[in-house]
Amino acid sequence: MPSRPTTSRPIRPRPARFRALCAVAALLLLAGCREVRVKTYAQGTTTVGGGNQIVIVRNQDDLSRLGIRASVQFRGEFGVVLLMGPHHRTGYREVIESIRATDQIVQVVAFEEPPADGGEPSREYRSYTMWIIPNAVYRRGIHVEAVTPSSEPVADTILP
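**A few points about the sheet that holds strand β7 (residues 143-147)**
Taken together, four strands build an open sheet; the order of strands is β4-β5-β7-β8 and the sheet is mixed. Sheet topology places β4 (93-101) and β8 (153-158) at the edges, where each strand pairs with a single neighbour. Neighbouring strand axes in the sheet, compared pairwise and without regard to direction, differ in orientation by 20 degrees on average. Strand direction decides the pairing type here: β7 and β8, joined by five bridges, are antiparallel. Of the residues in β8, the one forming a bridge with Ala146 is Ala155.

Have a look at this one:
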């Protein structure tokens, strides 16, 4: 039976400090790769006048000024509202085709679908879609834009 080769240094278990450092490094890597869950909270209409617009909503007063009623937990999240219009016939609705984000820009590809039956005459209104986003991803200076599927600009804003 051949003898086992010997090593010049003994095999020893890794120290606890090294294991803790590896755990922290893995946690940081995983945190950097996390996916942000953006929840489409509401779609509807509002009679508040204006044109196409993206509004960042940080409190209940901002939301009320838009004529939108919603229960948002503003301590942990904020809202982004895409308003499109105005319209004078009922039945318009927003269709969100995609949302793409980088560390500098968020692009929403959206368009409005007219009513299939032509709609009925109505007083002026705008359609809206509201997203709820965790405060942890809020970054001042990020450009938020909405474009049509053919890349025509709809509205834009910069996070204050």
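Still to come is the rest of the account.
**Looking at the pairing of β7**
Within β7, four of the five residues are buried, which leaves it mostly tucked inside the rest of the structure. With five bridges joining them, strand β5 (residues 105-113) and β7 adopt parallel strand pairing. Counted as the bridge partner of Gln107 is Glu145 from β7. What sits between β7 and β8 in their antiparallel hairpin is a turn of five residues, with Ser151 showing a positive phi close to 70 degrees.

**Describing the pairing of β5**
Judged from the eight bridges that link them, β4 and β5 form a sheet pairing that is antiparallel. Opposite Arg100, over in β5, you have Gln107 as the bridge partner.

**Points about the nonpolar core**
Counting 17 residues, the largest nonpolar core has Ile54, Ile56, Phe78, Val80, Leu82, Ala146 and Leu159 as the members making the most contacts within it. Sorting elements by how many residues they give to this core places strand β3 (residues 77-89) first, with four residues. Those residues within four positions of Leu159 in sequence are excluded, and the remaining contacts are Ile56, Tyr138, Arg139, Arg140, Gly141, Ile142 and Val144. The next biggest cluster of nonpolar side chains, apart from the first, holds 14 residues, and it includes Ala42, Val57, Val81 and Leu83.

**What to know about the side chain of Glu112**
Topologically, Glu112 is positioned in strand β5. In this structure Glu112 is buried but unpaired, with Arg126 as the nearest side chain of opposite charge at 9.1 Å. Side chain to side chain, Glu112 and Ser127 meet in a polar contact 2.3 Å long. When near neighbours in sequence (up to four residues on either side) are disregarded, Glu112 contacts Met84, Gly85, His87, Tyr92, Arg93, Glu94 and Ser127.

**A look at the packing of aromatic side chains**
For the coordinates displayed, the defined rule picks out one aromatic pair. Summarising the aromatic geometry, the rings of Phe78 and Tyr138 are spaced 5.0 Å apart at their centres and angled 90 degrees between planes, so their arrangement reads as edge-to-face. Separated by 60 residues along the polypeptide, Phe78 in strand β3 and Tyr138 in the loop between β6 (121-134) and β7 bring together distant segments of the chain. Of the two residues, Phe78 and Tyr138, both sit in the buried class. A cation sits over an aromatic face here: Arg58 above Tyr138, 4.2 Å from the ring centre.

**Concerning the pattern of salt bridges**
Scanning the model with the defined rule gives two salt bridges in all. For Glu113, the salt bridge goes to Arg93, with nearest N and O atoms at 3.0 Å. Note that Glu113 is positioned in strand β5 and Arg93 in strand β4, a separation of 20 residues in sequence.

Cut-offs used in this document
- Residues numbered from 1 in each chain as written.
- Predicted model: local features only at pLDDT ≥ 70, side-chain atom pairs only at ≥ 80, totals over all residues.
- Heavy atoms only, no water.
- Pairing = 2+ DSSP bridges.
- Helix = DSSP H or I, 4+ residues; strand = E, 2+ residues; numbered from the N terminus.
- Axes fitted to C-alpha atoms, helices over the stretch in contact; angles between N-to-C directions.
- Buried < 20%, exposed > 50% of the residue type's maximum accessible area, 1.4 Å probe, protein only.
- Core = buried A, V, L, I, M, F, W, Y, C linked by side-chain atoms within 4.5 Å.
- Contact = heavy atoms within 4.5 Å.
- Lys, Arg positive; Asp, Glu negative; His and termini not counted.
- Salt bridge = Lys/Arg side-chain N within 4 Å of Asp/Glu carboxyl O.
- Polar contact = N/O pair within 3.5 Å; in protein donor to acceptor, adjacent residues only side chain to side chain.
- Phe/Tyr/Trp six-rings, centres within 6.5 Å; stacked < 30°, edge-to-face > 60°.
- Lys NZ or Arg CZ within 6 Å of the ring centre and 35° of its normal.

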